[in-house]
Amino acid sequence: MEKRCELCERSDIKLTKHHLIPREEGGTEKDIVMICSDCHRQIHASYSNQELALRLFSIEALKSDEKLKKFIRFIKKQPASKRISIAKSRDRKCK
Ligand SMILES: [Zn+2]
Ligand SMILES: [Zn+2]
């Protein structure tokens, strides 16, 4: 199966697990999507876990959010091998 980021849709890229609903907000294993680490870092740099749980608990919601839409447009054009530095990353991880 081809590995593809569910957000930016780049393939051949290392994917990480993102909890659409953070565990601390009651998320379960069912709420996991596979996205690349660039998208993942961007999500957590842009939104708090609470915002994610309340508003951005689906791929569609994330994709249509203004902040992320811009990022996706940009990241789509970047080669998967390039390391993108994300401004103001809080480096939050979902566990
Ligand atoms: Zn991505
Ligand atoms: Zn995450």
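The coordinates are above.
Read on for an overview of the structure. Per chain, the residues get numbers from 1 upward, laid out in the order the sequence is written. Each chain is given a letter, starting from A, and each ligand a number, starting from 1, according to the order in which they appear as written. Residues qualify for local features only when their pLDDT is at least 70, as the model is predicted, and side-chain atom pairs are given and counted only at 80 or more; totals for whole chains, interfaces and linings, by contrast, use all residues. Values shown for side chains rest on all heavy atoms present in the structure; no hydrogens or waters enter the calculation.

1. Some points on the pattern of salt bridges
By convention in these notes, a salt bridge is any Lys or Arg side-chain nitrogen within 4 Å of a carboxyl oxygen on Asp or Glu. With the rule as written, the count across this model stands at 8 salt bridges. In this structure, Arg23 engages Glu29 in a salt bridge whose closest nitrogen and oxygen atoms are separated by 2.7 Å. Judged by relative accessible area, which is 43%, Arg23 ranks as partly exposed. The exposure class assigned to Glu29 is exposed, which follows from its relative accessible area of 51%. A salt bridge links Arg55 to Asp65; the nearest nitrogen and oxygen atoms lie 3.0 Å apart. Exposed residues in this analysis have more than 50% of their type's maximum accessible area, buried residues have under 20%, and partly exposed residues fall in between, with area computed by a 1.4 Å probe over protein chains only.

2. Quick look at helix 1 (residues 37–46)
Helix and strand assignments come from DSSP, with helices taken as H or I runs of at least 4 residues and strands as E runs of at least 2, each series counted from the N terminus. Among the 10 residues that make up helix 1, 9 are buried, leaving the element largely enclosed by the rest of the structure. Turning to helix 1, its buried residues number three or more, namely Asp38, Cys39, His40, Arg41, Gln42, Ile43, His44, Ala45 and Ser46. In this structure, the buried side of helix 1 is in contact with strand 1 (15–19), strand 2 (32–36), helix 2 (49–55), helix 3 (59–64) and helix 4 (66–75). Residues are treated as being in contact if the distance between any of their heavy atoms lies within 4.5 Å.

3. Side note on the packing of aromatic side chains
Any Phe, Tyr or Trp ring, taking Trp's six-membered ring, that has another such ring centre within 6.5 Å forms a pair; planes under 30 degrees apart are called stacked, those over 60 apart edge-to-face, and the others tilted. Taken as a whole and assessed by the stated rule, the structure comprises 1 aromatic pair. With a centroid separation of 6.4 Å and an interplanar angle of 50 degrees, the aromatic rings of Phe71 and Phe74 are classed as tilted. Placement of the pair is Phe71 and Phe74 together in helix 4, with a separation of 3 residues, close to one helical turn. For Phe74, a relative accessible area of 39% translates into the label partly exposed.

4. Describing the side chain of Gln78
The topology assignment puts Gln78 in the segment after helix 4. Between N or O atoms, a polar contact is any pair within 3.5 Å; within protein, one atom must be a potential hydrogen donor and the other a potential acceptor, and residues adjacent in sequence are included only when both atoms are from side chains. Within the structure, the side chain of Gln78 is placed 3.1 Å from the backbone oxygen of Phe74, a separation counted as a polar contact. Each residue touching Gln78, except ones within four places of it in the same chain, is listed here: Arg10 and Ile84.

5. Overview of unusual backbone geometry
Glycine aside, negative phi is the norm for most residues, and most peptide bonds take the trans geometry. A positive phi angle is found at Glu9, which is not glycine, with a value near 65 degrees. Checked against the element boundaries, Glu9 lands in the segment before strand 1. One non-glycine residue with positive phi stands out, namely Asp12, at about 55 degrees. The topology assignment puts Asp12 in the segment before strand 1. You can call Asp12 exposed: its relative accessible area is 70%.

6. Some thoughts on the coordination of the zinc ion (ligand 1)
Metal donors were taken as nitrogen, oxygen and sulfur atoms no farther than 2.8 Å from the ion, or 3.2 Å where the ion is Na, K or Ca. Water is excluded, so coordination may look unfinished. The protein atoms that coordinate the zinc ion (ligand 1) are Cys5 (SG), Cys8 (SG), Cys36 (SG) and Cys39 (SG), at distances of 2.2 to 2.4 Å. Taken together, the 4 donor atoms surrounding the zinc ion (ligand 1) define angles of 103 to 115 degrees at the centre, an arrangement classified as tetrahedral. Within one chain, the residues donating to the zinc ion (ligand 1) are spaced in sequence as C-x2-C-x27-C-x2-C. With a relative accessible area of 1%, Cys5 lands in the buried category. Working rule for geometry: tetrahedral if four donors all subtend angles between 85 and 135 degrees; square planar for four, octahedral for six, if opposite donors exceed 155 degrees and the others stay between 65 and 115; irregular in every other situation.

As far as function goes, none of this settles anything; it's purely spatial.
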